[in-house]
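Single-letter residue listing:
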Amino acid sequence: MKNIFNQIIWQFNFSTSDQLKAITKAAGKKRIILGTSESESKFIGLKEAVCLTQKDNLFLNLDHGKDLKYIKKAIDIGYDMVHFDGSSLGFKENIKKTQEIVDYAHKKKVLVEGEIDPISSKMTDPKKALLFLKETGIDSLAIAIGNKHGKEKVKIDFSRIKEIKELTNLPLVLHGGSGVSNDDLRKAIKNGISKININTELRMIWKESFKKSLKKKSVKPYELLSKGQEGIEKKVKEYLSIV
Ligand code: 13P
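Okay, so let's go over this structure. Keep in mind the model is a prediction, meaning the values are calculated, not measured. (Residues numbered from 1 in each chain as written. Predicted model: local features only at pLDDT ≥ 70, side-chain atom pairs only at ≥ 80, totals over all residues. Heavy atoms only, no water.)

### So, the pattern of salt bridges
We count it as follows: Note on definitions: salt bridges are taken to be side-chain nitrogens of Lys or Arg within 4 Å of carboxyl oxygens of Asp or Glu. For the purposes of this entry, the term helix denotes a DSSP run of H or I that reaches at least four residues, the term strand denotes a run of E that reaches at least two, and both are numbered from the N terminus. Any residue under 20% of the maximum accessible area for its type is buried, any over 50% is exposed, and the rest in between are partly exposed; the area is computed with a 1.4 Å probe on protein chains only.
Inspection of the entire model under this criterion finds 18 salt bridges. Close ionic contact of E208 with K211 constitutes a salt bridge, the shortest N to O distance being 3.2 Å. A residue pair is termed a helical-turn pair when its members lie 3 or 4 positions apart in one helix, as E208 and K211 do in helix α9 (residues 200–213) at three residues. Look at E208 and you get partly exposed, because its relative accessible area is 42%. Through salt bridges that share partners, K25, E233 and K237 make up one connected network.

### What about the pairing of strand β1 (residues 9–13)?
Convention followed: In this description, strands pair whenever DSSP reports at least two bridges between them. A clockwise path from the first strand over the helix to the second, with the strands pointing away from the viewer, defines a right-handed crossover.
In terms of burial, β1 is largely enclosed, as five of its five residues are buried. The pairing of β1 with strand β8 (residues 193–198) spans four bridges and is classified as parallel. Considered in β8, the bridge of I9 is made with K195. Judged from the three bridges that link them, β1 and strand β2 (residues 32–37) form a sheet pairing that is parallel. Paired with Q11 across the bridge in β2 is I33. Taken together, β1, helix α1 (residues 17–27) and β2 constitute a β-α-β crossover, and its handedness is right-handed.

### With respect to the packing of aromatic side chains
Quick note on the threshold: Stacked, edge-to-face and tilted labels apply to pairs of Phe, Tyr and Trp rings (six-membered ring for Trp) whose centres lie within 6.5 Å, assigned for plane angles under 30 degrees, over 60, and everything in between, in that order. To sit over a ring, a charge needs its Lys NZ or Arg CZ within 6 Å of the ring centre and within 35 degrees of the ring normal.
Evaluated as defined, the whole model comprises five aromatic pairs. For the ring pair F12 and Y239, a centre distance of 6.2 Å and an interplane angle of 40° mean the geometry is tilted. Of this pair, F12 sits in strand β1 while Y239 sits in helix α11 (residues 226–242), and the two are 227 residues apart along the sequence. For F12, a relative accessible area of 0% puts it in the buried group. Take Y239: its relative accessible area is 4%, and that puts it in the buried class. Where W206 meets F210, the ring centres are 5.1 Å apart and the plane angle is 35°; that geometry is what we call tilted. Placement of the pair is W206 and F210 together in helix α9, with a separation of four residues, close to one helical turn. In this structure F210 comes out as partly exposed when scored by relative accessible area, which is 25%. Residue placement shows K42 over the ring face of Y70; its charged tip is 4.8 Å from the ring centre. A cation sits over an aromatic face here: K128 above F91, 5.0 Å from the ring centre.

### Focus on a positive patch on the surface
Heads up, the condition is: By definition, no residue in a patch forms a salt bridge, and every one has over 30% relative accessible area; like charges are joined within 9 Å, nonpolar side chains (Val, Leu, Ile, Met, Phe, Trp, Tyr) within 5 Å. Reported accessibility uses the Shrake-Rupley method at a 1.4 Å probe radius. Residues are deemed covered only where the shown protein chains occlude them. Lys and Arg are tallied as positive, Asp and Glu as negative. Neither His nor the chain termini are counted. Charge coordinates come from a single atom per side chain, which is NZ of Lys, CZ of Arg, CG of Asp or CD of Glu.
Residues K42, K47, K69 and K73 make up a contiguous surface patch of positive charge. Topologically, K73 is positioned in helix α4 (residues 68–77). Using a relative accessible area of 45% as the deciding quantity, one classes K73 as partly exposed.

### Examining the nonpolar core
This is how the line gets drawn: Residues enter a nonpolar core if they are buried and are Ala, Val, Leu, Ile, Met, Phe, Trp, Tyr or Cys, with the set joined through side-chain atoms within 4.5 Å. It only takes one pair of heavy atoms within 4.5 Å for two residues to be counted as in contact.
Of all hydrophobic cores here, the largest spans 61 residues; its most connected members are W10, F12, I23, L141, I161 and L174. The contacts of I23, once residues within four sequence positions are left out, are F12, N13, F14, I32, L34, L202, I232 and V236. Grouped together as the second largest cluster of nonpolar side chains are seven residues, I4, F59, M81 and L111 included.

### Observations concerning the site of the ligand
To be explicit about the condition: Definition of nearness: a residue and a molecule or strand are near each other if at least one heavy atom of the residue lies within 4 Å of the molecule or strand. Here a polar contact means two N or O atoms within 3.5 Å. Within protein one must be a hydrogen donor candidate and the other an acceptor candidate, and residues neighboring in sequence count only if both atoms are side-chain atoms. Three classes are used, and their members are as follows: Ala, Val, Leu, Ile, Met, Phe, Trp, Tyr, Cys and Pro are nonpolar, Asp, Glu, Lys and Arg are charged, and the others, Gly among them, are polar.
Looking at the ligand, there are 13 residues lining it, with D63, G150, G176, S178 and T200 nearest. Interatomic distance of 3.4 Å between a side-chain N/O atom of H64 and an oxygen atom of the ligand. Take N197: an N or O atom from its side chain is 3.3 Å from an oxygen atom of the ligand. Coverage of the ligand by the protein chains reaches 97% of its 310 Å² of free accessible surface. When residues of the shell around the ligand are traced back to their parent elements, those giving at least two are β3 (58–65) and β8. Here the shell around the ligand is composed, by residue class, of one nonpolar, 10 polar and two charged.

Take a look at the structure:
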């Protein structure tokens, strides 16, 4: 199984090929994870997402997968990692379904990210995280530590990251990277975060530049989308320079 957690790794989400091109251009040869939620992957296509990310430094993750059948399909088609988000289920049910995905994924050398508590509404209990790891054999864990998806300012519980890390020694994932300041991202890494997920920030750059482009007379997609690509590339480079 590929060890992608021996250094800090960023996940950038995409649903269109122009976003993907901007992200991969910014990354160059650096190792990054490309994420697609179920909806994002349905838009670009599971097979298409796999075909477009065939480079040694790129890893493709199904982000916040909830439908077991769909997650298995992504694994069969060639995703490198899957995130099973069972956070809305009861703890026992979450363990059972996560186990099922881990068994399926590990046979195909695919990594699994688990999730216990819904990000933004609860805080992850370190002891519960350890129990979840023991029961499921997950490869990484998305943790709830005050983070939220989107651009809203958040207050991160850094000591909780440290506690979960010390107890589980799992690669820990910070979802909702867009709302976290660069200083706090650095601090989160210092306390034990291994993977940071970014989506909203790049979507906003895409939308703003597309809105501006629509004022042009051009009907050529490659002209209308090129500014957005430049903006996304710049932002991804900025993130990658944080660590
Ligand atoms: P943001 O949209 O807040 O960057 O979060 C992305 C994310 O966590 C994807 O799973």
